[in-house]
Every structure is written in structure tokens, then in C-alpha cells.
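Each chain, letter by letter, is given below.
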Amino acid sequence: MLLAGGIGITPIYTMALALKQTGAKFRLLYAARSRLDLAFAEELARYIGERLQIFVSEEGQRIDIAGEIAKLDPRGELYVCGPFGMLEVAKRLWREAGRPAPHLRYETFGNAGNIADAPFKIRIPRLGLEIDVPANRSMLEALEDAGVEMIFGCRRGECGLCVLPILEPSVHVDHRDVFFSSEERAINSKLCTCVSRAASGSLTVDTPDRTQIRRHGSDASVV
């Protein structure tokens, strides 16, 4: 099953055409605010026919994601791209249905967060570091600038490779990732350093034991 919301139809459109060419069994559920927002709708109707179902919110139409998941074959897969809210609902309902996590694939255009970007500090007690994070730099970039060896992949809050533990969960963190579930973000024990930020003040985190500190110039040390 392919699930697209708004501009999320962009990658789903080419996937639908490819699946049609291979003769795969699939359905495409496409939701938009208005009919004017239905990009590629005519092309899709022409190419994939009844495999396409359209839902227009201004006309009171909503996708019953839980019901659609229930219709899938036990081996079925769900591919989702759309607004952050749609993605979160789809992920939650997929888990609640007991479906295999590897059978859910998704792409997002990111989570803009709940607060405006502001400077804050990162404290890493084990390394004796305090690092300034400017409003125009990510936490991951600030760590790299300070010489902290980091592991990362997507830089969009999707893969989870740059996750670090939060040592003071009481600090307000604006979690902007799509890697953690809403329940995990509420616990506030970890964050994706590539996108998430502290609301203000300082944020105390730890880094893996393998972390190295690169010193600029001739002075170098490894922690």
C-alpha cells in the first residue's frame, strides 16, 4: 500500500508507476486539502486506474489508515510520504496492528519543530566540554566544529545514527526528528543531534566511549 499526503505524492508517484510496470499488487491512497492540491491526480488515474483512491479533506474525506492497514496481506508493506502528523499516525497504527517494523517505509519533508531556533549550550561532563550552538547551526554541526567525532547519516532526523543520550531529561528539548515515536520523544532520554534543539540555556548529553576529540593545529588528543 502506498500512502501519500499533499506534496508527499512526489516520490510516491514514481513508485506507483514502477509498481504498475512490474505488475505488482498495490493500492495508492492519496490525500490532499483540496482538489487544486492534487498534483499528478489525472496522470495517476490514467496510468494506474482503480488502484488509485483520492481523499479530499475539504470535502470531508479522510483515510481510515487503521482500516486500510487491516486490509493488507500479512506480508504486505506500507510506504508513506506526507506531513509529519500523517507519518506519526501511520507509524503508531502500524505498531498497534502488530505489523513488522521493516515492512513500513517512510519519507518525510521534516519536522519544523515547535519553537524558533535560538542559541544554547551543550555540556558533555565526561569530556569536560561546553559547546555553544548558534541559532543558525545544528547541534551536530556544533559538535563537529568542536572536534567531537560523531556518527551520522541522513542529517534529517530520520536514520537515528547521530542519537545521543540526554543526561538531564527535565530540560525542554524541541524534538524535530521522525526517528523516535511520540512516546519516546516524551520520555526525553535521547535526541537526534542533527535536527533537535534545546529550547534555551544548556543541554547536558553524553557521547559514546569511542568518541575522539580532534584539536586544531598540532595539539591533538584522543578520549
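Structure: see above.
Residues numbered from 1 in each chain as written. Predicted model: local features only at pLDDT ≥ 70, side-chain atom pairs only at ≥ 80, totals over all residues. Heavy atoms only, no water.

(A) How the structure looks around the pattern of salt bridges. The final tally for this structure, using the stated rule, is 20 salt bridges. Put simply, Glu 88, Lys 91, Asp 177 and Arg 185 are held in one network by salt bridges that share partners. (Salt bridge = Lys/Arg side-chain N within 4 Å of Asp/Glu carboxyl O.)

(B) Region of interest: the pairing of strand β7 (residues 129–133). Of the two faces of β7, only the one carrying Leu 129, Ile 131 and Val 133 is buried; Glu 130 and Asp 132 on the other face are not. Sheet analysis places strand β6 (residues 120–124) next to β7, joined by five bridges and oriented antiparallel. When the sheet's bridge partners are listed, Ile 122 is paired in β7 with Ile 131. If you look at the hairpin formed by β6 and β7, you'll find four residues sitting between the two strands, and Gly 128 has a positive phi there, around 65°. (Buried < 20%, exposed > 50% of the residue type's maximum accessible area, 1.4 Å probe, protein only. Helix = DSSP H or I, 4+ residues; strand = E, 2+ residues; numbered from the N terminus. Pairing = 2+ DSSP bridges.)

(C) The arrangement of the packing of aromatic side chains in detail. Applying the stated criterion across every chain yields a total of two aromatic pairs. On the numbers, 4.3 Å between centres and 15° between planes, the contact of Tyr 13 with Phe 40 is stacked. Of this pair, Tyr 13 sits in helix α1 (residues 9–22) while Phe 40 sits in the loop between β2 (28–32) and α2 (41–48); the two residues are 27 residues apart in sequence, bridging distant segments of the chain. Look at Phe 179 and Phe 180: their rings are 5.1 Å apart centre to centre, the planes differ by 70°, and that puts the pair in the edge-to-face class. The class of Phe 180 is buried, set by a relative accessible area of 7%. Residue placement shows Arg 155 over the ring face of Phe 152; its charged tip is 4.0 Å from the ring centre. (Phe/Tyr/Trp six-rings, centres within 6.5 Å; stacked < 30°, edge-to-face > 60°. Lys NZ or Arg CZ within 6 Å of the ring centre and 35° of its normal.)

(D) Expanded view of α2. The complete set of buried residues in α2 reads Ala 41, Leu 44 and Ile 48. The buried residues of α2 occupy an angular sector of 65° when projected down its axis, which confines them to one face. Facing away from the buried side of α2 by more than 90 degrees, the exposed set consists of Glu 42 and Arg 46. Packing partners of the buried residues in α2 comprise α1, β2 and β3 (52–56). Backbone geometry just after α2 places Gly 49 at a positive phi near 60°. (Arc of directions from axis to C-beta. Contact = heavy atoms within 4.5 Å.)

(E) Quick look at the sheet that holds strand β12 (residues 202–204). Spatial strand order, β7-β6-β12: three strands in an open sheet with mixed pairing. Where the open sheet ends on each side, the last strands, each with one partner, are β7 and β12. Taken pair by pair, the neighbouring strands of this sheet meet at an average axis angle of 25°, ignoring direction. (Axes fitted to C-alpha atoms, helices over the stretch in contact; angles between N-to-C directions.)

Geometry only, nothing functional implied.
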